[in-house]
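Here is what each chain is made of, one letter per residue.
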Amino acid sequence: MKMTRFAFPYFKLTRQYLAAAVFMAITASTSIGFAAEKINIYSHRQQVLIQPFLDAFTAKTGIETNVVYSSKGLAQRLKAEGPASPADVILTVDIARLSEYADLDLLTPVDSSILQANIPSRLRSEDNRWFGFSERARILVTSKTRVAEGAVLDLEDLAKPEWKGRICSRAGSHDYNRALVASMIAAHGEAATETWARGVVGNLARKPQGNDRSQAKAIFQGLCDVAIMNSYYYGNMKFGDKADQKDWAQSIRLVFTNQSNRGNHMNISGGGVAKYAKNKMAAIAFLEFLTEEKAQHLYGEINFEYPVNPSVLVNGELASWGRFKPDTLPIERLAALAPKAQMIIDRVGW
Ligand code: FE
């Protein structure tokens, strides 16, 4: 009987004590957990390109980062790891790779008002699984000495007879060119794009080969007069440590295309949160950090890529290349049209 009389207040006391203890434990574990927090990043981007971002993020938040870098095979690795994967964040370049992660269901939707506000809707997926953090302009470059300024203005010009035997290109089926062909399909439809692509291939000075930089080299060597190149390679050649590449950069003029119509074709670098992320809040904080002013400028300073955040103004070397109008086609369309683009590329033998 006495037990019963004492049991009730004792129970109440215990409940209050427990509630307080649980509250303290949660508070303690949150602060301790935050300080010791670490995110694992799977990156297709080279360590040298992302380290300054990681350092700035850790300095700001105290969250540490661990990077698994690989130029290929990370999506397959992530898929094989399944729910046991340690990956929290995926970082990569090109819509082709981002959509590969999305197609393999390796990313989780992220509901973040900061990402929504800082990234225009055309540069992120509709289901919020991937986000663009920088824009990359695929431009034309022309010989400074053999092509007059303004002689080529639009991608469409590449099929004109006056460029017969004067164009250099890497393989059409590379991600960069496939996306560019996809942008042409979006603008003109499949039939017109195939006619155009056949014209471009007919104008090539040599069999498609090499990477983007080797097209600039070919212009420097006088093998061709016009080429397709991502603009950041110009900055990397100009300021890199290879003397011969400085000469290649010196020999070319940058042409942002389609300025009187849809704007220059753009691609993105981007990423998302891994489907089985163990540190999801910290992972989201990292993505958000990448869209803030400091990181947005880093994209330009480190790799001559453009900010996605409309409130961040282009500065430094990038600004010296001039303002231009980007194609505002939603990036997701490039992924949707990629299979059709590839079929055209195969048919015309690019
Ligand atoms: Fe590249």
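The structure contained in this document is the topic of the report that follows.

Calculation rules
Residues numbered from 1 in each chain as written. Predicted model: local features only at pLDDT ≥ 70, side-chain atom pairs only at ≥ 80, totals over all residues. Heavy atoms only, no water. Helix = DSSP H or I, 4+ residues; strand = E, 2+ residues; numbered from the N terminus. Buried < 20%, exposed > 50% of the residue type's maximum accessible area, 1.4 Å probe, protein only. Contact = heavy atoms within 4.5 Å. Areas by Shrake-Rupley, 256 points an atom, 1.4 Å probe, with all protein chains shown as cover. Expected span 1.5 Å × (residues − 1). Polar contact = N/O pair within 3.5 Å; in protein donor to acceptor, adjacent residues only side chain to side chain. Donors = N, O, S within 2.8 Å, 3.2 Å for Na, K, Ca; no water. Disulfide = S-S within 2.5 Å.

**Topic: the overall build of the chain**
Reasoning step 1: Each helix and strand in the chain was counted, giving 14 helices and 10 strands.
Reasoning step 2: Of all 350 residues assigned to the chain, the portion counted as buried reaches 51%.
Reasoning step 3: Taking all contacts inside the chain whose residues are at least 6 apart in sequence as the whole, residues at least 24 apart take part in 78%.
Reasoning step 4: In the structure as shown, the chain presents an accessible area of about 16,500 Å², 58% of it carried by carbon and sulfur atoms.

**Digging into helix α6 (residues 175-188)**
Reasoning step 1: An ideal rise of 1.5 Å per residue puts 20 Å on 14 residues; α6 measures up with 20 Å between its terminal C-alpha atoms.
Reasoning step 2: Burial of α6 is extensive: 11 of the 14 residues sit out of reach of the surface.
Reasoning step 3: For α6, every residue scored as buried is listed here: D175, Y176, N177, R178, A179, L180, V181, A182, S183, M184 and I185.
Reasoning step 4: Directly beyond the C-terminal end of α6, a positive phi value near 90° is found at G189.

**Side note on unusual backbone geometry**
A negative phi angle characterises most non-glycine residues, just as the trans form characterises most peptide bonds.
Reasoning step 1: The phi dihedral of D105 falls on the positive side, at around 60°, and the residue is not glycine.
Reasoning step 2: For D105, the location among the structural elements is in the loop between α4 (95-103) and β4 (107-108).
Reasoning step 3: Here D105 falls in the partly exposed class, since its relative accessible area comes to 37%.
Reasoning step 4: Unusually for a residue other than glycine, N258 sits at a positive phi of about 55°.
Reasoning step 5: Considering the arrangement of structural elements, one finds N258 in the loop between β8 (252-255) and β9 (266-274).
Reasoning step 6: Residue N258 is classed as buried on the basis of its relative accessible area of 0%.

**Brief notes about the environment of R146**
Reasoning step 1: In this fold, R146 is placed in the loop between β5 (131-143) and β6 (167-168).
Reasoning step 2: Its relative accessible area of 35% is what places R146 among the partly exposed residues.
Reasoning step 3: Along the sequence, R146 and I219 sit 73 residues apart, while their C-alpha atoms lie 9.5 Å from each other.
Reasoning step 4: Ignoring any residue separated from it by four or fewer positions in sequence, one finds R146 in contact with R166, I219, G222, C224 and D225.
Reasoning step 5: Among the polar contacts listed, one links the side chain of R146 to the backbone oxygen of C224, at a separation of 2.9 Å.
Reasoning step 6: Among the polar contacts made by the side chain of R146, one reaches the side chain of D225 at a distance of 2.5 Å.

**Side note on the coordination of the iron ion**
Reasoning step 1: Distances from the iron ion to its protein donors, namely Y176 (OH), Y232 (OH) and Y233 (OH), fall within the range 2.0 Å.
Reasoning step 2: With a relative accessible area of 3%, Y232 lands in the buried category.

**Some points on the environment of K238**
Reasoning step 1: Residue placement: K238 occurs in helix α9 (residues 232-239).
Reasoning step 2: Sequence separation between K238 and A249 is 11 residues; the distance between their C-alpha atoms is 5.6 Å.

**So, the state of the cysteines**
Reasoning step 1: Under the defined criterion, the tally for this structure stands at one disulfide.
Reasoning step 2: Between C168 and C224 runs a disulfide, and the two sulfur atoms are separated by 2.1 Å. Where C168 bonds to C224 through sulfur, the torsion about that S-S bond is close to -110°, and the disulfide is left-handed. Note that C168 is positioned in strand β6 and C224 in the loop between α8 (212-220) and β7 (226-230), a separation of 56 residues in sequence. Considered together, C168 and C224 belong to a single accessibility category, that of buried residues.

**With respect to the environment of D212**
Reasoning step 1: Relative to the helices and strands, D212 resides in helix α8.
Reasoning step 2: Residue D212 is classed as buried on the basis of its relative accessible area of 1%.
Reasoning step 3: Along the sequence, D212 and S169 sit 43 residues apart, while their C-alpha atoms lie 7.8 Å from each other.
Reasoning step 4: When near neighbours in sequence (up to four residues on either side) are disregarded, D212 contacts R138, R170, Y176, I228, M229, N230 and Y233.
Reasoning step 5: There is a polar contact of 2.7 Å between the side chain of D212 and the side chain of R138.
Reasoning step 6: Polar contacts involving the side chain of D212 include one to the main-chain amide nitrogen of N230, which spans 2.9 Å.

In short, shape yes, function no, at least from these values alone.
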